[in-house]
Structure formats: C-alpha cells, structure tokens
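In case you want the letters, here they are:
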Amino acid sequence: FVSLLCSMPTSWSLCYVLHAGTDEVDYSLYPNKEYQLAWLKLYLEESARCKGQLDVVPTAGEVERLYVEVNQFALASHMFWAIWAIIQAAYSEINFDYMGYAHVRFDEYLRRRDEFLALSSSP
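Here the structure is a predicted model, which means the values were calculated and not measured. (Residues numbered from 1 in each chain as written. Predicted model: local features only at pLDDT ≥ 70, side-chain atom pairs only at ≥ 80, totals over all residues. Heavy atoms only, no water.)

Things to note about the packing of helix α3 (residues 33-50) against helix α4 (residues 60-91)
Now for step 1: Contact geometry of α3 with α4 gives a least axis separation of 9 Å together with a crossing angle of 115°. When the axis of α3 is compared with that of α4, the two are roughly perpendicular. For α3 against α4, the interelement crossing comes out right-handed. Within the contact between the two elements, α3 uses Lys33, Gln36, Leu37, Leu40, Lys41 and Leu44 and α4 uses Glu62, Val63, Glu64, Leu66, Tyr67, Val70 and Asn71.
Now for step 2: The residue inventory of the contact of α3 with α4, partitioned by class, reads 7 nonpolar, 2 polar and 4 charged. (Axes fitted to C-alpha atoms, helices over the stretch in contact; angles between N-to-C directions. Helix = DSSP H or I, 4+ residues; strand = E, 2+ residues; numbered from the N terminus. Parallel < 35°, antiparallel > 145°, perpendicular 65-115°, else oblique. Left-handed = near helix turned anticlockwise from the far one by under 90°. Contact = heavy atoms within 4.5 Å. Nonpolar A, V, L, I, M, F, W, Y, C, P; charged D, E, K, R; others polar.)

Re the pattern of salt bridges
Now for step 1: Here the structure, examined in full by the defined rule, presents 7 salt bridges.
Now for step 2: Taking the shortest distance from any N to any O, the salt bridge between lysine 33 and glutamate 64 comes out at 3.4 Å. Highlighted residues: lysine 33 in helix α3 and glutamate 64 in helix α4, separated in sequence by 31 residues.
Now for step 3: One salt bridge in this structure joins aspartate 114 and arginine 113, with 3.5 Å as the shortest N-O distance.
Now for step 4: Take aspartate 114: its relative accessible area is 55%, and that puts it in the exposed class.
Now for step 5: Ionic contacts of the salt-bridge type, sharing partners, join the residues Glu108, Arg111, Arg112 and Glu115 into one network. (Salt bridge = Lys/Arg side-chain N within 4 Å of Asp/Glu carboxyl O. Buried < 20%, exposed > 50% of the residue type's maximum accessible area, 1.4 Å probe, protein only.)

So, helix α5 (residues 98-117)
Now for step 1: Helix length check: α5 (20 residues) gives 27 Å between terminal C-alpha atoms against 28 Å at 1.5 Å per residue, within 8%.
Now for step 2: At arginine 111, α5 shows its largest bend, some 35°.
Now for step 3: Of all the residues in α5, the buried ones are Tyr98, Tyr101, Ala102, Arg105, Glu108, Tyr109, Arg112 and Phe116. (Expected span 1.5 Å × (residues − 1). Bend = angle between axes of the 7 residues up to and from the residue.)

All quantities given are derived from atomic positions and should not be read as evidence of function.
Next comes the structure, spelled out in structure tokens:
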C-alpha cells in the first residue's frame, strides 16, 4: 500500500508530512534522516524488484539524491496546503479552523525552508 500511495517524491514528502498528523499536528513526528534513508533504500529495492531487477542494490548516492528531493518537495507540500487552507477559510462552510491550519503549515515551511533548501546530493 505504501508503495502505491508513495510512488513519487511529491507523494513521499506528503507521506512524511502526514506522519505529523492532520488534526493535532506534531511535526516532531516527522521522520529523521536515518529513518528516511532506510525507508527510501528499501523503497528503491522494492521498486527495482517489481520491475524484475532482482539484484539491484541502490547506491548511497541514489538514496541521498532521493532524500534531498523528497524533503525539498515537503516544502512545496507545506506551501500548497497553507494556500489551500486560506482559500477554504474564505469559501468553505465546514466548521474547521482553516486559518489556524494554514498558519501551522506555513510556520513549518518557514522553519524547514533553509534546512531543506541547503540539502545537496552532490557526490
């Protein structure tokens, strides 16, 4: 299921962000680098296996490049959902603190922006 849900870097970043929850957001639950690298390595192995490439072992560089890409896409996810929540606050009839949610997502974007944009997968 995870490989279906998280089949692209944009989806992986969403999966990582969702570790923090949606009702009571706790970004301390965002997976650390060690966890992400292990997960991404397994994902790349399984992806190759699904393509019939049984002996593929991802290099550390391949895993690191994906780690960088996923975390930088997490920033886009924060910005997207912050903007979405602002729009919902103006138009939705659902009783939810959309502006509060927008604030949480934008704050996390700002908190992680410099860290994630500084990531580099250069050899």
